[in-house]
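If you want the building blocks of each chain, they are given just below.
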Amino acid sequence: GFAALFFLVTQITNKDLSVGSTGGYTLIANFQNVGSLKVGAPVSMSGVTVGRVEQISYDQQQYRAVVRMRINGNYDRIPEDSDASIMTAGLLGGQYISVTAGGSDQYLKEGSQFVIVQDAFVLENLINKLVATFAGKQTESAE
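Scoring rules and cut-offs
Residues numbered from 1 in each chain as written. Predicted model: local features only at pLDDT ≥ 70, side-chain atom pairs only at ≥ 80, totals over all residues. Heavy atoms only, no water. Helix = DSSP H or I, 4+ residues; strand = E, 2+ residues; numbered from the N terminus. Buried < 20%, exposed > 50% of the residue type's maximum accessible area, 1.4 Å probe, protein only. Contact = heavy atoms within 4.5 Å. Areas by Shrake-Rupley, 256 points an atom, 1.4 Å probe, with all protein chains shown as cover. Pairing = 2+ DSSP bridges. Axes fitted to C-alpha atoms, helices over the stretch in contact; angles between N-to-C directions. Patch = residues over 30% accessible without salt bridge, like charges linked within 9 Å, V, L, I, M, F, W, Y side chains within 5 Å. Salt bridge = Lys/Arg side-chain N within 4 Å of Asp/Glu carboxyl O. Polar contact = N/O pair within 3.5 Å; in protein donor to acceptor, adjacent residues only side chain to side chain.

1. Overview of the overall build of the chain
When its secondary structure is counted, the chain shows two helices and seven strands. When the elements of the chain are put in sequence order from the N terminus, they spell out α-β-β-β-β-β-β-β-α. In the chain, buried positions account for 30% of the 143 residues. Sequence-distant contacts, at least 24 apart, represent 65% of the contacts inside the chain between residues at least 6 apart. Total accessible area on the chain is roughly 9,600 Å²; 57% of this is exposed by carbon and sulfur atoms.

In structure tokens, the structure reads:
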């Protein structure tokens, strides 16, 4: 029962429960690694949800993941030099996109693309590097 409840809570937290959101526009970001980011994940600024991930695809020319975000029309003053980062909510939480505002007087508009991005932090990659480093030190001390 608890497992089912936990599953439902984690699935509901990634869904947009608001009714009648106003228009909006699409922004794009290209990442080397999106981790476990999913369609419907929140896009936030300063902890406030300003949109949702609309689509995740793969660009075979650039060899990068392309993330399309739908931003609520109420948030139409995001500076064009802002950056997008894939973050994790808590230790076991889902991933979301965090937008950090830049300082430009020009704003992102329909179809704009983030120039500065930070890929998802993949714990497995860190563990593999740590194990490789540790194994290398063990080999050196054995000689």
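2. A word on the sheet that holds strand β6 (residues 95-100)
The strands that make up a sheet are held in pairs by hydrogen bonds between backbone atoms, and each pair lies either parallel or antiparallel. A sheet is described by the order of its strands in space; here seven strands give the open sequence β1-β4-β3-β2-β6-β5-β7, paired in mixed fashion. Of all the strands in the sheet, the pair left with one neighbour each is β1 (25-31) and β7 (116-118). Here the strands of the sheet are splayed against their neighbours by 30° on average, with no regard to which way each runs. Of the strand pairs in this sheet, strand β2 (residues 42-45) and β6 are connected by two bridges, and their pairing is parallel. Counterpart to Val43 in the pairing with β6 is Ile97.

3. Some details on a nonpolar patch on the surface
A cluster of nonpolar residues, Phe2, Leu5 and Val9, forms a patch on the protein surface that exposes about 360 Å² of accessible area. Structurally, Leu5 can be placed in helix α1 (residues 2-12).

4. Observations concerning the pairing of strand β5 (residues 83-88)
As paired elements, β5 and β6 share six bridges and run antiparallel to each other. Along β6, the bridge assignment pairs Met87 with Tyr96.

5. Section: unusual backbone geometry
Even without a glycine there, the phi angle at Ser46 is positive, about 55°. Secondary-structure assignment places Ser46 in the loop between β2 and β3 (48-59). Using a relative accessible area of 78% as the deciding quantity, one classes Ser46 as exposed. A positive phi angle, near 55°, is found at Tyr63, a position not held by glycine. Here Tyr63 is to be found in the loop between β3 and β4 (64-71). Note on Tyr63: relative accessible area 57%, which makes it exposed.

6. Points about the side chain of Ser82
For Ser82, the position within the fold is in the loop between β4 and β5. Look at Ser82 and you get buried, because its relative accessible area is 1%. Here the side chain of Ser82 touches Pro79 through a polar contact of 2.7 Å, landing on its backbone oxygen. Not counting chain neighbours up to four residues away, the residues in contact with Ser82 comprise Val99, Thr100, Ala101, Gly102, Phe114 and Ile116.

7. Structural notes on the pattern of salt bridges
Should the charged atoms of two oppositely charged side chains come close, the side chains can pair. All told, the structure shown has one salt bridge when counted by the stated rule. Residues Arg70 and Glu110 are paired through a salt bridge, measuring 4.0 Å at the closest nitrogen-oxygen approach. Of the two residues, Arg70 sits in strand β4 while Glu110 sits in the loop between β6 and β7, which places them 40 residues apart along the sequence.

8. Remarks on the side chain of Asn72
Here Asn72 shows up in the loop between β4 and β5. Classification of Asn72 as buried rests on a relative accessible area of 18%.

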